[in-house]
Every structure is written in structure tokens, then in C-alpha cells.
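# Structural overview for review
Residues per chain, in single letters:
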Amino acid sequence: MNRLAHRLVDIAARRWPADLATDLSREWHAELAALGTRSVRALTFAASLALSPAVEAAGEAPYGWRERAAAAGRFAAVPAGVVLSAGALFDLVHLLARYALPPGRVPADLLLLTVAAAAMAALGGVVGARYPGRPAAVTVPVGLAAYGFLLAGNRVAVMPFMGWRDILPGVAAWTVLTSVAATVAYRYAGRRRVAVVTGLGGTLLALDAATVCGSAHAATVLHVDPWSAPRWFPLALLPGGTGGHVPALLLGNAAAMVGPLLLCSAFVLAYTVTGPTPGRAPRAVGWLPAGLGLAVLAVAVRPPDGDTFARLVDNTTTFGFGFASTLPGRTLLAALVAVLAVRSVAVARADG
Amino acid sequence: MPPRVTSSVLKVLSALLADGAGERYGLQLMHETGLASGTLYPILVRLERAGWLRARWEEVDPVAAGRPGRRYYRLTPDGVAVARHEIAVMHRQLARAAGLPGAVHPERA
């Protein structure tokens with residue numbers, strides 16, 4: 001155990017600024033030697049050094065736990081915002097197709113979905129131009145946020161096959177395969193057309209595989225022919241009654257899961273193929289208190305009574321926002337909107 | 001730039017100010033302040049950079065002592081002045097918050 005403690009101290013010292021590392025390493029080893037056989041204390045001493053942020057280099061601003069937590073919050077807000085936007089847009093398409101369009105208009109459904117995908121792609125392009133990065137660095141956080149969103153939004157289980165055993169394989173398949181497809185597209189960044197075609201083909205295959213993985217449990221229970229699996233993804237996006245021998249329950253279930261993922265794919269693909277544009281880096285603005293004030297106000301306002309709001313949040317009309325029926329859910333949502341609003345203002349100021 | 005005086009920094013300053021000799025080694029400071037090593041050492045480095053703290057190596061025969069020499073920290077005169085001032089400010093704030101009769105408004109002090 002003592003050897004492990006000395007090893008951890010070596011690891012910690014390597015992370016500290018070079019002008020301090022030698023002296024501090026000597027000092028920490030001396031303290032470990034003084035602790036002698038008290039191995040638990042020695043291990044705690046070493047583990048704390050190995051896991052804590054190193055001191056900043058001389059002349060730099062401190063970057064401790066507080067700064068790390070703030071950066072993590074800012075980082076997590078983007079994938080959460082992407083997934084919530086995708087969920088809201090998909091629900092909007094669903095609502096318009098159900099209540100505003102005449103039945104049986106297949107092209108109109110798909111047109112609306114295409115417009116929603118274009119909106120998400122435009123968002124991905126803006127984010128990709130401002131914050132370029134490796135595809136996996138955006139796909140994995142979006143996948144994690146999608147997993148949380150799909151589970152949290154399904155507290156009222158109107159969809160029978162939306163438990164972790166359905167969502168986990170579906171979202172995991174989407175995350176891994178979309179990361180691979182986006183990475184391949186990223187390698188063709190210099191040849192934009194090739195990047196778009198390979199990225200588009202790869203993400204569609206990833207969505208198809210995600211639908212199969214996410215619906216396998218439902219298909220087993222409903223005794224669906226496994227050979228029809230590759231068709232579940234396109235059939236899930238078409239209006240009811242077009243699925244042939246595939247049960248509508250499986251397709252509706254798959255649509256609720258893979259619909260938001262489709263829009264997330266549009267974001268990831270556009271993010272990947274858009275190159276960085278020169279511009280000033282956005283600086284933090286002091287609007288956070290105002291944003292948080294708005295968030296508190298949003299939480300304090302009591303939602304309207306009656307059937308309309310209830311149907312919107314209990315997943316019978318839209319899917320994925322069931323968490324908005326609880327106060328913690330609304331608090332999180334309002335705080336996220338506030339953070340994203342503040343960041344948008346920062347970016348707009350940097351551009352202006 | 002002087003370091004931000006957080007509650008953890010105040011604990012370290014108080015521990016170093018408490019004793020007349022004012023020399024402490026890392027484990028001793030951890031014990032007296034309750035801070036973890038990962039929190040304490042960045043603070044010590046920042047205080048040393050600000051000129052509030054001075055460090056020296058213990059002169060000891062490792063064979064005779066059965067351990068290597070430790071590093072000792074003590075406040076510089078500047079550090080003592082800063083520590084006294086910050087601790088006094090904290091006392092006034094605490095007294096005001098608690099509504100104690102000895103509380104004095106800083107402007108009137």
C-alpha cells in the first residue's frame with residue numbers, strides 16, 4: 001500500500017509546474033516516510049494530491065475545483081441543450097402532423113422532419129464554426145444527454161418499451177456508430193462533398209442500427225419477424241398504418257426513441273463537416289445573475305391548470321418532457337435555458 | 001496578484017499565526033486545518049508566491065532521524081500583517097452577523 005502511495009505522489013508531482021515539481025515531490029515523499037506504517041493515512045495523503053487540480057503556473061489565473069465545476073457546467077449545457085432542442089422539435093413535428101395537417105399526407109410529415117433536421121444542422125454548423133473539435137468529443141456527451149433525456153422523460157410509461165434495457169442499447173449503438181461515422185467524415189474535412197456523403201451514409205446506418213438495438217426487446221415480446229429489422233427505422237418515421245406486418249406499437253416506440261436521435265445526428269454531422277471560422281473568442285458576461293433570476297421566475301410561475309399542460313408533460317401528447325411536471329425538473333430546465341442564454345449573449349457580443 | 005483569501009486560506013493563515021515560532025510542516029498544517037493535501041499544497045504555493053510565506057528544508061540526518069528532512073513553512077512579516085488583518089476582518093464580520101455587542105462597522109473602526 002505504501003508503494004502505491006509513493007507512486008501516486010510521483011504521478012501528482014508530474015502534473016505540477018516544472019519549477020515546483022522536484023521540491024514538492026521531495027517534500028511529499030518525506031511526509032510519506034514520516035507517516036511510516038500508517039498506510040491508510042499515507043494513501044489518503046497521496047490520493048488527494050493525485051486527484052486534486054495542480055496549482056497553476058506562476059502568473060496564471062487559478063484553476064481549481066470552483067473553476068473546473070463552472071467549466072464542466074458550461075460544457076454540459078451544450079449537449080443538454082442540443083438534446084432538448086431535438087426533443088422539442090421532434091415533438092413539434094409530431095404535433096403539427098397530428099393536429100394541423102390532413103391525415104395521410106406522407107410527404108408533409110417528412111417535409112416537416114426535414115425542416116427540423118435542417119434547423120438542427122444549422123445549429124450544428126454555428127456551434128462547429130465557433131467551437132471546432134473532434135466528433136467524438138461532441139457525440140459522446142450528446143449520447144449521454146440523450147440517454148438521460150429519454151429515461152427522465154419517460155417517468156409516465158405510456159411507451160411500454162422505453163426502459164433502460166431498450167434505451168441503453170439503442171443510445172449506445174447510436175453513440176458508438178455515429179462517432180465512427182463522424183470521425184470518418186472528419187478525416188475528409190478537406191473534401192467537403194466526400195465528407196458530407198460519407199457522414200450522411202454513416203449516420204443513417206447508425207440510426208438504423210440504433211433502432212434495431214433499441215427495439216430488439218420489444219420485437220422479442222411482440223414476436224416480430226427479425227428479418228424485418230432493417231426496415232424499422234424508415235417505417236418508424238412514417239405515419240401509422242404504413243408499417244405492414246410490423247406492429248404499430250413497436251414503430252411508435254421506436255419513433256419516440258430514434259426521432260430525437262435523428263435530429264441529434266443532423267447536429268453532429270453539420271458540426272463535424274463545418275470548419276472553424278476566425279472570430280474573437282466569446283468572453284463570459286456578467287449576465288448570469290439576470291439569467292438565474294429569470295430561471296427562478298420560470299420555476300416560481302405555476303404552470304397553467306387544465307388538460308392542455310397535463311397532456312403536454314405526461315407524454316400522451318408529446319414525448320420526452322415528462323420531467324417538466326416536477327419542480328426539480330422545471331428548475332433544471334430553467335437553469336439550463338439561463339446558462340445557454342448567457343452563453344448566446346457572450347457569443348453575440350464577441351461577434352458584434 | 002495576491003491570492004484570494006478563502007476560508008481555506010484563512011485556516012492556513014490562522015494555523016501559522018497561532019504559534020510564536022510559527023513554523024509548520026505540511027502534515028502538521030493538514031492536522032490543524034482539517035484540509036486535505038490536495039487543497040493545502042496549492043494554497044502554500046500561492047502564499048509563497050505572494051511573498052506571505054517562506055519555506056526552508058529541515059536540517060536533519062536522515063539516517064539518525066529515520067526519515068528524510070521535511071519542509072517547514074513560516075509567515076514572512078508581510079504575511080503576518082496580512083494574516084492579522086484578514087483574521088480581524090473575519091472576526092468583525094462574524095461578530096456583526098451574530099449581532100454581538102462588540103461588533104464595529106469597518107468604516108468606523
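Residues numbered from 1 in each chain as written. Chains lettered and ligands numbered in written order. Predicted model: local features only at pLDDT ≥ 70, side-chain atom pairs only at ≥ 80, totals over all residues. Heavy atoms only, no water.

Time to look at the overall build of chain A. Check the secondary structure of chain A and you find 13 helices and 0 strands. Ordering the α and β elements of chain A from the N terminus gives α-α-α-α-α-α-α-α-α-α-α-α-α. Long-range contacts, defined as pairs at least 24 residues apart, comprise 74% of the intrachain contacts of chain A with a sequence gap of at least 6. For chain A, the computed accessible surface area is about 18,300 Å², with 69% contributed by carbon and sulfur atoms. (Helix = DSSP H or I, 4+ residues; strand = E, 2+ residues; numbered from the N terminus. Contact = heavy atoms within 4.5 Å. Areas by Shrake-Rupley, 256 points an atom, 1.4 Å probe, with all protein chains shown as cover.)

Turning next to helix H4 (residues 65–100) of chain A. Helix length check: H4 of chain A (36 residues) gives 50 Å between terminal C-alpha atoms against 52 Å at 1.5 Å per residue, within 8%. Taken as a whole, H4 of chain A has its buried residues at Ala 77, Pro 79, Gly 81, Val 82, Val 83, Leu 84, Ala 86, Gly 87, Phe 90, Asp 91, Val 93 and Ala 97 of chain A. (Expected span 1.5 Å × (residues − 1). Buried < 20%, exposed > 50% of the residue type's maximum accessible area, 1.4 Å probe, protein only.)

Here we come to the pattern of salt bridges. Residues and elements named next belong to chain B. Applying the stated rule across the entire model yields 7 salt bridges over all chains. For Arg 24, the salt bridge is made with Glu 32, and the minimal N-O distance between the two is 2.9 Å. Residue class for Arg 24 comes out buried when judged on its relative accessible area of 7%. Classification of Glu 32 by relative accessible area gives partly exposed; the value is 39%. (Salt bridge = Lys/Arg side-chain N within 4 Å of Asp/Glu carboxyl O.)

Below, the discussion takes up the interface of chain B and chain A. Taken together, the 22 residues of chain B in the interface contact 27 residues of chain A. Summed over both sides, the interface between chain B and chain A buries roughly 2,000 Å², with carbon and sulfur atoms accounting for 57% of that surface. Contact with chain A buries surface across chain B, with Tyr 41, Arg 49 and Trp 57 of chain B losing the most and accounting together for 30% of the total. Across the contact surface, chain B and chain A share 3 salt bridges. Taken together, the connections running from chain B to chain A amount to 10 residue pairs in polar contact (both at pLDDT 80 or more). At the level of elements, helix H2 (26–33), helix H3 (37–49) and strand E3 (71–75) of chain B are the ones that each hand at least two residues to the side of chain B that touches chain A. Considered class by class, the residues forming the side of chain B that touches chain A number 11 nonpolar, 5 polar and 6 charged. (Buried area = accessible area lost by both parts, 1.4 Å probe. Polar contact = N/O pair within 3.5 Å; in protein donor to acceptor, adjacent residues only side chain to side chain. Nonpolar A, V, L, I, M, F, W, Y, C, P; charged D, E, K, R; others polar.)

As a further point, take the pairing of E3 of chain B. All names here are of chain B. The element E3 is extensively covered by neighbouring structure, given that 4 of its 5 residues are classed as buried. Looking at chain direction, strand E1 (residues 24–25) and E3 are connected through 2 bridges and run antiparallel. Residue pairing for E3: Arg 24 is matched across the bridge by Tyr 73. Both strand E2 (residues 53–57) and E3 contribute to a ladder of 5 bridges, which runs antiparallel. Looking at E3, one finds that Ala 55 is bridged to Tyr 73. (Pairing = 2+ DSSP bridges.)

On to the packing of helix H2 (residues 18–35) of chain A against helix H3 (residues 39–51) of chain A. Residues and elements named next belong to chain A. Two elements in contact, H2 and H3, have axes whose closest approach is 9 Å; the angle formed by their N-to-C orientations is 160°. Taken together, the axis directions place H2 and H3 in an arrangement best described as roughly antiparallel. Judged by the sense of rotation from one axis to the other, the crossing of H2 with H3 is right-handed. Across the interface between the two elements, Trp 28, Glu 31, Leu 32 and Leu 35 of H2 pack against Arg 41, Ala 42, Phe 45 and Leu 49 of H3. (Axes fitted to C-alpha atoms, helices over the stretch in contact; angles between N-to-C directions. Parallel < 35°, antiparallel > 145°, perpendicular 65-115°, else oblique. Left-handed = near helix turned anticlockwise from the far one by under 90°.)

Quick look at the sheet that holds E2 of chain B now. Taken in spatial order, the 3 strands make up an open sheet running E1-E3-E2 (chain B), and their pairing is antiparallel. Lying at the two open borders of the sheet, with one neighbouring strand each, are E1 and E2 of chain B. Each of E1, E2 and E3 of chain B is contacted by H2 of chain A, which is oriented at about 110° to E3 of chain B, the strand it contacts most.

Take the environment of Thr 139 of chain A next. All names here are of chain A. Structurally, Thr 139 can be placed in helix H6 (residues 135–152). On a C-alpha basis, the gap between Thr 139 and Ala 182 in space is 8.5 Å, while along the polypeptide they are 43 residues apart. The contact partners of Thr 139, leaving out residues within four places of it in the chain, are Trp 174, Thr 175, Thr 178, Ser 179 and Val 268. Among the polar contacts listed, one links the side chain of Thr 139 to the backbone oxygen of Pro 135, at a separation of 2.8 Å.

Turning our attention to the confidence of the model for chain A. A low pLDDT score tells you not to read the predicted coordinates there in detail. Summarising the model, chain A shows a mean pLDDT of 79, and 79% of its residues fall at 70 or more. Scored below 50 in pLDDT, residues 280–286 of chain A shows 15 contacts in the model against residues more than four places distant or in partner chains. (pLDDT = per-residue confidence, 0-100.)

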